Amino acid sequence: MKTLFIPNGHNPDLRGNPEASIIHLPRPSRLAVVPSAFPFVKPRLQVKEGDRVSLGSSLFEDKRRPELRFLSPGGGTIETIVFGPRRIVTAIIIRLDEKEEREFFQPLENEDLETMDREELVQHLVKGGLWPLFRSLPFRAIADTKELPDTLYVRMDSHQPFSALPEAYLQGHLEAFRFGIRVLKKLAGQLAVYTCAEQHSFVLNECQGVVNHTVFGRYPAQDPGVVHYHLRKKGNTGKAWFITGEDVLLIAHLLETGTYPGERTYAMGGTGLASPCHVRTRFGAPVSHLIEACDPLEGNFRNIAGGLFRGRNAGQEGFMSMYETSLVRIPEGKEKEYFGFLRPGLSKNSVSRTFLSALFNRPARVDCNTHGEERACINCGTCTRLCPVEMLPQFTMKALHADAIEEALAHGLLDCVQCGLCAYACPSKIDLSGIFGSAREKLYQEQQKGA
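Residues numbered from 1 in each chain as written. Predicted model: local features only at pLDDT ≥ 70, side-chain atom pairs only at ≥ 80, totals over all residues. Heavy atoms only, no water.

Trainee: Please explain the overall build of the protein as it appears in this structure.
Mentor: When helices and strands are tallied, the protein shows 13 helices and 20 strands. Relative to a compact globule of 451 residues, whose C-alpha radius of gyration would be 22 Å, the protein shows 22 Å and is just as compact. If one aligns the C-alpha atoms of the protein with their principal axes, the spans along those axes are about 65 × 50 × 50 Å. Residues counted as buried form 54% of the 451 residues belonging to the protein. When contacts within the protein are restricted to residue pairs at least 6 apart in sequence, those whose partners lie at least 24 apart make up 67%. Summed over its atoms, the accessible surface of the protein is roughly 20,700 Å², and 50% of this surface lies on carbon and sulfur atoms. On the protein, the mean spot of the 53 positive side-chain charges and the mean spot of the 52 negative ones are 5 Å from each other. (Helix = DSSP H or I, 4+ residues; strand = E, 2+ residues; numbered from the N terminus. Rg over C-alpha atoms; globule rule 2.2 N^0.38 Å. Buried < 20%, exposed > 50% of the residue type's maximum accessible area, 1.4 Å probe, protein only. Contact = heavy atoms within 4.5 Å. Areas by Shrake-Rupley, 256 points an atom, 1.4 Å probe, with all protein chains shown as cover. Lys, Arg positive; Asp, Glu negative; His and termini not counted. Charge placed at Lys NZ, Arg CZ, Asp CG, Glu CD.)

Trainee: Would you mind going over the nonpolar core with me for this structure?
Mentor: Among soluble globular proteins, nonpolar side chains are generally buried collectively. The biggest cluster of nonpolar side chains holds 76 residues, and the ones touching the most others in it are Leu59, Trp131, Phe134, Ile243, Ile251 and Leu255. When near neighbours in sequence (up to four residues on either side) are disregarded, leucine 255 contacts Pro107, Leu108, Leu121, His124, Leu125, Phe179 and Val183. Counting 48 residues, the second-largest nonpolar core is a separate cluster that includes Phe40, Ala221, Val417 and Leu432. (Core = buried A, V, L, I, M, F, W, Y, C linked by side-chain atoms within 4.5 Å.)

Trainee: Could you clarify how one ought to interpret the state of the cysteines in this entry?
Mentor: By definition, a disulfide is the covalent link that joins the sulfur atoms of two cysteine residues. Per the counting criterion, the structure on display carries 0 disulfides. Looking at cysteine 277, it has no disulfide partner, and the nearest cysteine sulfur is the one in cysteine 294, 3.9 Å off. Cysteine cysteine 422 is unpaired, with the sulfur of cysteine 419 as its nearest cysteine sulfur at 6.1 Å. On the accessibility criterion, cysteine 422 (11% relative accessible area) is buried. (Disulfide = S-S within 2.5 Å.)

Trainee: Even after reading the chapter, I still don't get helix 6 (residues 224-232), so can you show me in this structure?
Mentor: Most of helix 6 is tucked away, with 8 of its 9 residues classed as buried. Of the positions making up helix 6, those classed as buried are Pro224, Gly225, Val226, Val227, His228, Tyr229, His230 and Leu231.

Trainee: I keep staring at the packing of helix 2 (residues 118-127) against helix 4 (residues 174-188) and nothing clicks. Help me out?
Mentor: In helix packing, the relevant descriptors are the interaxial angle and the interaxial distance, both defined with respect to the helix axes. Contact geometry of helix 2 with helix 4 gives a least axis separation of 9 Å together with a crossing angle of 125°. Between helix 2 and helix 4, the angle falls in the class oblique. Relative to helix 4, helix 2 is oriented so that their crossing is left-handed. For the pair helix 2 and helix 4, contact is made by Arg118, Leu121, Val122 and Leu125 and by Val183, Lys186 and Leu187, respectively. (Axes fitted to C-alpha atoms, helices over the stretch in contact; angles between N-to-C directions. Parallel < 35°, antiparallel > 145°, perpendicular 65-115°, else oblique. Left-handed = near helix turned anticlockwise from the far one by under 90°.)

Trainee: It is not clear to me how the pattern of salt bridges should be interpreted in this structure. Could you clarify?
Mentor: Close approach of charged atoms lets side chains of opposite charge pair. This model, assessed by the stated rule, comprises 20 salt bridges. Where glutamate 147 meets lysine 239, a salt bridge forms, and the shortest distance between an N and an O atom there is 3.3 Å. Of this pair, glutamate 147 sits in the loop between strand 11 (141-142) and strand 12 (151-155) while lysine 239 sits in the loop between helix 6 and strand 15 (240-244); the two residues are 92 residues apart in sequence, bridging distant segments of the chain. A single network of salt bridges, built from pairs that share partners, joins Arg27, Glu100 and Arg282. (Salt bridge = Lys/Arg side-chain N within 4 Å of Asp/Glu carboxyl O.)

Trainee: What am I meant to see in the packing of aromatic side chains here?
Mentor: Aromatic rings considered in pairs are described by the distance between their centres and by the relative angle of their planes. Summed over all chains, the structure comprises 13 aromatic pairs. Measuring from ring centre to ring centre gives 5.1 Å for tryptophan 131 and phenylalanine 134, while their planes differ by 40°; the resulting arrangement is tilted. Across the pair, phenylalanine 134 and tryptophan 131 agree in class, each one buried. These aromatic residues form a ring-pair network of at least three members: Phe38, Phe60, Phe70 and Tyr323. (Phe/Tyr/Trp six-rings, centres within 6.5 Å; stacked < 30°, edge-to-face > 60°.)

Trainee: Sorry if this is basic, but what is going on with helix 2 here?
Mentor: Two residues of an α-helix separated by three or four positions point the same way, owing to the 3.6 residues in each turn. Listed as buried for helix 2 are Leu121, Val122, Leu125 and Val126. The buried side chains of helix 2 occupy one side of the element, clustering within an arc of 140° when seen end-on. Following helix 2 by one or two positions, glycine 129 has its phi on the positive side, about 75°. (Arc of directions from axis to C-beta.)

Trainee: Would you take a moment to explain the environment of phenylalanine 83 for this structure?
Mentor: Position of phenylalanine 83 relative to the elements: it lies in strand 8 (residues 76-83). Using a relative accessible area of 33% as the deciding quantity, one classes phenylalanine 83 as partly exposed. Note: C-alpha distance between phenylalanine 83 and isoleucine 251 (168 residues apart in sequence) is 30 Å. Ignoring anything within four residues of it in the chain, the contact list for phenylalanine 83 reads Leu45, Ile88, Val89 and Thr90.

These figures capture arrangement, not role.
Structural data, given as structure tokens:
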């Protein structure tokens, strides 16, 4: 087993981390699919409001790649199709039947896995709607079914604040995980790299011989893009895909049972919850359904689906998307703080250690307040010191503003893993991560046109 040390990054010590215990929730009355959560997918609807669907029946396909099917997480009736600006489909909401019908796919036995060829396995995953779980670097688009990756990364933990612990989501599913690993080996050969932080001794003990890289470092050291960047410096080049440990379980469920997976474990964290923990419930569950299980506090809180640094505002009536495994509830922080700049900041969270809170070793409280407006970049270098892939965020941002794309690429735009640390730490409140995300999306679109 190899150990990889990532020097940069940041681990904020925050209140509200979820306990490893799991609450099994009853079935919600509604589920949804969020098409906008799939990167670079243009949905073509295959259902309309009022249609009957089964668990695992097709809801939409990608206009550019029709072989990619996106399936229903439940059986019932299409209640609402929500459209956003320019008629973009933002959610397909399904009201569940008391007794749900389900689609059945061909299950695989261990012997089948040994004898079938790789192309058949790919088609199994495509028909079963789980191929979108494989994404390619550097753009994190859904992997091409016709390609063979040189490396497949499996990320066991993310270290993002309030994210799902591998000890929790693997609980009771170790055999399924091992079966999923065999599937990945069939897809990517022996070039699969499994990454896990050293402190997760449970995973390292239970998955002996599976995890082949331990990563030592602060968030986002375990991100596949970060690991690929540092292994690339050692000569590991070529096409790379990645998948998360939670998603390996979904693949194992589909292939072992022949049914589309219906459940997922979510991490629930933040100071807006009295009892942060892990919950197990249906795929695409409503945010309100998850929040109610963890004793939500009264007040003005924001629900962030997908993690503190990378997540989106899911609102009070939103739904969890396919890639999201955590839900964070923190205060909006709209209250005014008079003479805040004169206060010692005994409980403030800060990267620069300019408040007295840096003297006390205790978790800080975090909210959505930026405590100021956007200002010009002052080249302080805070973002550079934190960047895990050694890019120069401030110069990259200025190059993009000057439309100097070649210069932005030279500064490491494609290495960016969109961890959000640069925007979090920026004293000028510049949304660096958002700027890089938009630029990378445009680059991907241009590459697709030229292909």
